[in-house]
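Here are the chains, one letter per residue:
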Amino acid sequence: MLSASALRYCHDRHRDPVIDSVSLRVKAGEIVGLTGDSGAGKSTLGRLLAGLLRPQAGRIELDGTPLPRHGLQPVQLLMQTPELAVNPRWRIERILHEAWTPDTTLLEALSIRRDWYSRFPHELSGGELQRVTVARALAPGVRYLIADEISSMLDALTQAELWHALLQVVASRRMGMLVISHDAALLSRVANRCYRLNAGQLDALA
Amino acid sequence: MMPSVTATLRFDNRRLRTLLIALATLLALGLVLTGSALLGEQATRPDFQARLLPPGIDHWFGTDTLGRDLFSRTIEGLSLSLWVGLLAAGLGTLVALVLAVISTLGRPFDAAVGLLVDMILGLPHLVLLILIAFALGGGTQAVIVAVALTHWPRLTRLLRAELLQIINADYVRLSYHFGKSHGFVLFHHVLPHLMPQCLVGFLLLFPHAILHEAALTFLGFGLTPGQPAIGVLLAESLRYLSAGHWWLGVFPGLGLLLTVLIFDRLGASMQALFTPREAQT
Amino acid sequence: MKALLAVDALSLSFQRYSGWFRRHAVPCLNDVSLTVVPGEVHAVVGASGAGKSLMAWAVMGLLPANAHLSGTLNFDGLPLDAERLAALRGKCLALIPQSIAALDPLVRSGRQVRWSARRAGIAAHRTPHIARQTLSRYGLATDVEQAYPHTLSGGMARRVLLAMATAGDADLLIADEPTTGLDPCNRQRVLDYLRELADAGKGILLITHDLQHALTVANRVTVFHAGTTLETAPSDAFDGQGERLTMPYTRALWQALPSNGFQAPARERTHEEVLSLA
């Protein structure tokens, strides 16, 4: 179980915290939705949970132990713009293999094609590149995913394709996932339960 | 109307143009260096039978007041300029890279490097050059050191900004998140990104360094009077220009101009190749 | 009604290097056709990489040097060549760029709006007044005029871009993904402004990947796929199971919305297959 308790984070010491005493739990095999207005701190909370930011107070634990400081992180973050999440000078093959070597079944499930391997990131569409970053993040040892608005830049068809593939992999590996989105219809499709982040506070939604 | 698939080499092909400029640069470099090796002795040998001859078949660029062959002297001067430029631009790029890396180590380091950059940029360029060359006692080495020590600040600023942008990029943070080491990130993400900047920086420093070397020698700082440097040749020519001996100033000046232009063009072309929007033109 | 903008059989290719020096043409747009009439919001929807923005750049003449364009572009009944474009751009045609990075970070917002107004041919002494008026139309107070772009929120910066594009009373406004990165409240606000402009008689070309929200303001929708326009349908045809849509791809796009069926096709179809389904 991924649990966060009494998290607090401010970007700037002189301003109000973006996240204030937020506690949250995601169980293995569970998909939790997170919504809120822009600037409410959704992305900050996602980065805290993934360990990309360190909270100023509070703890983040995975099955009762703190997140590891070194090595492959068991909580991985998927970002809104895949173009920023990959090195623009690397070819797709190198990007895909940075964390591990994905097996053929996974590549097929995400419809990643071999002929992309020699291309550069700007030669793939947003949806294609997003699937590459998803495959890269699914290394063995990764048990939770934070999906931060991963489909808000995609058209409806590409969005549906991405989510169907991702949900299938997550379910087969019994991974836990936090889905951040301001699209209520999408969250009702993919999440088991939802939270709303408002002025640094977390409320459960029915 | 262009055919839909073309495999022809056209003049609007920037990569081809860059290659041609690079080849021309190499050719010029080779000619000057071999020329200086072959003609070296001729450049300082006086011939009082042939004083102040205009350009002709025996002396392509004419001769000076001591009857020395101006063509040999120009080639010799350019060769010195190229060495100074090469060493100074190389050293300058290295200093810039090291300082840029240091400035990313933390806030106090960044402030210190920033102060240093502002300090050097704040002083008048030529005055600083003269001071350093003077303090080191003159000579070729002093000129090289002076030019190298004054040309890094702008490149340092540029490289520092690039570095900060890369180490804060999401893909670099994710790389650490995949368990990659600092060494991996440095060699696979950061340095490959900086190399084009360094190369372009080096090429654009080159003409600057050469011009300042010429300026220093023109003003009489640095080299011994007998040694043919472009600046020395131009300074010597001043006295004879009004007497109608135009070739004494025109040919060394033209040589300097062409050398500077060719490196400037090469640098600008390379820069365009590394700019995503222009890379395919 | 006479078309304000008519794009007919527009094709676009880029010269790219294959190997070190050889180049070949990569086609990006193929047979793109659409019209915008005064008073309508015409939405162009499709996947990222389908070439929607390229079409906008082609209309505005903002393509890089290695682009090659064919087909016809007509504005107000006359061909839109480079010379006419240079005269009309910023006056009669305006673009709201996709990225708020298009704002100059070193110049106060008010001054940038005044620049746009000046570009649109408004006399210099009137630009401060026009700029203030335009900014206040989009609910931006006078302190925004003094603000540098980085101090503005995404929604405010987007409205500054909107003000810049509308300061000069252009007849045709091209909005390239104007709602990306905005929360639902700000998104609706921007879309409503575009609707208002259309109701005032302007032609609006709204480029977006977000079919669902484009439908709330658009009169007609053109669907883009892999560099070509598949079909143009009135927005009320997007209804029920999409029976009134002619192309299977358009229907699939409609049915993939999370609020409809959230259906994904079995696998990605190639462009040829999409066309052969028709």
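Residues numbered from 1 in each chain as written. Chains lettered and ligands numbered in written order. Predicted model: local features only at pLDDT ≥ 70, side-chain atom pairs only at ≥ 80, totals over all residues. Heavy atoms only, no water.

Draft legend 1. Fine view of the overall build of chain A. Of the regular secondary structure elements, chain A holds seven helices and 10 strands. Against the compact-globule benchmark of 17 Å for 206 residues, chain A has a radius of gyration of 17 Å, which places it among compact chains. Counting only C-alpha atoms and orienting by the principal axes, one finds that chain A spans roughly 50 × 40 × 35 Å. Counting across all 206 residues of chain A, residues that qualify as buried make up 55%. A separation threshold of at least 6 residues defines the contact pool for chain A, and within that pool the share at least 24 residues apart is 71%. (Helix = DSSP H or I, 4+ residues; strand = E, 2+ residues; numbered from the N terminus. Rg over C-alpha atoms; globule rule 2.2 N^0.38 Å. Buried < 20%, exposed > 50% of the residue type's maximum accessible area, 1.4 Å probe, protein only. Contact = heavy atoms within 4.5 Å.)

Draft legend 2. Focus on the overall build of chain B. Scanning chain B for helices and strands turns up 10 helices and zero strands. In chain B, the succession of α and β elements from N to C terminus is α-α-α-α-α-α-α-α-α-α. Classification of the 281 residues of chain B by burial places 44% in the buried group. For chain B, restricting intrachain contacts to residue pairs at least 6 apart in sequence, the fraction spanning at least 24 positions comes to 69%. Total accessible area computed for chain B in this model is approximately 14,300 Å², and 70% of it derives from carbon and sulfur atoms. Within chain B, the 15 negative side-chain charges are centred at a point lying 10 Å from the centre of the 17 positive side-chain charges. (Areas by Shrake-Rupley, 256 points an atom, 1.4 Å probe, with all protein chains shown as cover. Lys, Arg positive; Asp, Glu negative; His and termini not counted. Charge placed at Lys NZ, Arg CZ, Asp CG, Glu CD.)

Draft legend 3. Focus on the pattern of salt bridges. Applying the stated rule across the entire model yields 19 salt bridges over all chains. Residue Asp118 of chain B pairs with Arg157 of chain B through a salt bridge whose shortest N-O separation is 2.6 Å. Of the two residues, Asp118 of chain B sits in helix H3 (residues 107–122) while Arg157 of chain B sits in helix H6 (residues 153–167), which places them 39 residues apart along the sequence. Residue classification places Asp118 of chain B among the partly exposed residues on the basis of a relative accessible area of 42%. Lys2 of chain C is the partner of Asp76 of chain C in a salt bridge, and the nearest nitrogen-oxygen pair spans 4.0 Å. Remark: Lys2 of chain C occurs in the segment before strand S1 (5–17) and Asp76 of chain C occurs in the loop between strand S4 (67–75) and strand S5 (78–79); sequence separation between them is 74 residues. Since its relative accessible area comes to 36%, Asp76 of chain C is described here as partly exposed. Residue Lys2 of chain C is classed as exposed on the basis of its relative accessible area, which comes to 56%. Connected through salt bridges with shared partners, the residues Arg113, Asp115 and Arg119 of chain A form a single ionic network. (Salt bridge = Lys/Arg side-chain N within 4 Å of Asp/Glu carboxyl O.)

Draft legend 4. Just the interface of chain C and chain A, in detail. Listed as interface residues are 26 residues of chain C and, on the opposing side, 26 residues of chain A. Our enumeration of links across chain C and chain A arrives at zero salt bridges. Between chain C and chain A we count four residue pairs in polar contact (both at pLDDT 80 or more) in total. Those elements that place two or more of their residues in the side of chain C that touches chain A are helix H7 (184–199) and helix H9 (248–255) of chain C. Per-element accounting of the side of chain C that touches chain A gives the leading share, three residues, to H9 of chain C. Looking at the side of chain C that touches chain A residue by residue, the class counts come to 12 nonpolar, nine polar and five charged. (Polar contact = N/O pair within 3.5 Å; in protein donor to acceptor, adjacent residues only side chain to side chain. Nonpolar A, V, L, I, M, F, W, Y, C, P; charged D, E, K, R; others polar.)

Draft legend 5. Inspection of a nonpolar patch on the surface at higher detail. Residue and element names in this part refer to chain B. The grouping of Leu126, Phe218, Leu219, Leu238, Leu241, Trp246, Val250, Leu254, Leu257 and Leu261 at the surface amounts to a nonpolar patch, some 870 Å² of accessible area in total. When residues of the nonpolar patch are traced back to their parent elements, those giving at least two are helix H9 (230–241) and helix H10 (247–273). With four residues, the single largest contributor to the nonpolar patch is H10. You can see Phe218 is positioned in helix H8 (residues 182–218). (Patch = residues over 30% accessible without salt bridge, like charges linked within 9 Å, V, L, I, M, F, W, Y side chains within 5 Å.)

Draft legend 6. Fine view of the pairing of S1 of chain C. In terms of burial, S1 of chain C is a largely internal element, 10 of the 13 residues being buried. Hairpin connection of S1 of chain C to strand S2 (residues 23–36) of chain C: five residues between the antiparallel strands, including Gly19 of chain C at a positive phi of 85°. (Pairing = 2+ DSSP bridges.)

Draft legend 7. Summary view of H7 of chain C. Relative to the 22 Å expected for 16 residues at 1.5 Å per residue, H7 of chain C spans 22 Å between its end C-alpha atoms, a close match to the ideal helical length. Of the residues making up H7 of chain C, those classed as buried are Asn186, Arg187, Val190, Leu191, Tyr193, Leu194, Arg195, Leu197 and Ala198 of chain C. (Expected span 1.5 Å × (residues − 1).)

Draft legend 8. Main features of unusual backbone geometry. Residues and elements named next belong to chain C. Its identity is not glycine, yet Asp31 carries a phi of approximately 55°, on the positive side. Within the secondary structure, Asp31 is located in strand S2. Judged by its relative accessible area of 43%, Asp31 is partly exposed. Unusually for a residue other than glycine, Phe262 sits at a positive phi of about 55°. On the secondary structure map, Phe262 appears in the loop between H9 and helix H10 (271–276). Judged by its relative accessible area of 6%, Phe262 is buried.

Draft legend 9. Representation of the sheet that holds S4 of chain C in the model. Residue and element names in this part refer to chain C. In space, the four strands of this open sheet follow the order S2-S1-S4-S5, with antiparallel pairing throughout. Pairing within the sheet leaves two strands with one partner each, and these edge strands are S2 and S5. Judged from the eight bridges that link them, S1 and S4 form a sheet pairing that is antiparallel. When the sheet's bridge partners are listed, Phe14 is paired in S4 with Ala67. Sheet strands touched by helix H1 (residues 52–60): S1, S2 and S4. Its angle to S1, the strand with the most contacts, is close to 105°. (Axes fitted to C-alpha atoms, helices over the stretch in contact; angles between N-to-C directions.)

Draft legend 10. Spotlight on the UniProt feature "transmembrane region" (unreviewed entry) in chain B. All names here are of chain B. The positions UniProt marks with the feature "transmembrane region" (unreviewed entry) are residues 80–105, 126–149 and 246–263. Along residues 80–105, the helical share is 92% and the strand share 0%, with 38 Å between the first and last C-alpha atoms. With 94% helix and 0% strand, the stretch residues 246–263 has end C-alpha atoms that lie 26 Å from each other. (UniProt positions renumbered as here; feature names shortened; annotations may be inferred.)

Draft legend 11. Structural detail: the pairing of strand S7 (residues 144–148) of chain A. Residues and elements named next belong to chain A. For S7, the buried fraction is high: five of the five residues fall into the buried class. Across the two faces of S7 the burial is the same, with Tyr144, Ile146 and Asp148 and Leu145 and Ala147 all buried. Bridging between strand S6 (residues 75–78) and S7 involves four bridges; their strand directions are parallel. Bridge pairing in S7 links Leu77 to Ile146.

Draft legend 12. The nonpolar core, seen in detail. One finds Leu145, Trp163, Leu166 and Met177 of chain A together with Leu194, Leu211 and Val221 of chain C to be the most contacted residues of the largest nonpolar core, which totals 99 residues. Sorting elements by how many residues they give to this core places helix H6 (residues 156–173) of chain A first, with nine residues. Here Val221 of chain C is in contact with His42, Ala43, Val45, Leu211, Leu215, Glu231, Thr232, Ala233, Ser235 and Phe238 of chain C, once residues within four sequence places are set aside. One finds Ala89, Leu99, Val185 and Leu205 of chain B within the second-largest nonpolar core, a separate group that totals 53 residues. (Core = buried A, V, L, I, M, F, W, Y, C linked by side-chain atoms within 4.5 Å.)

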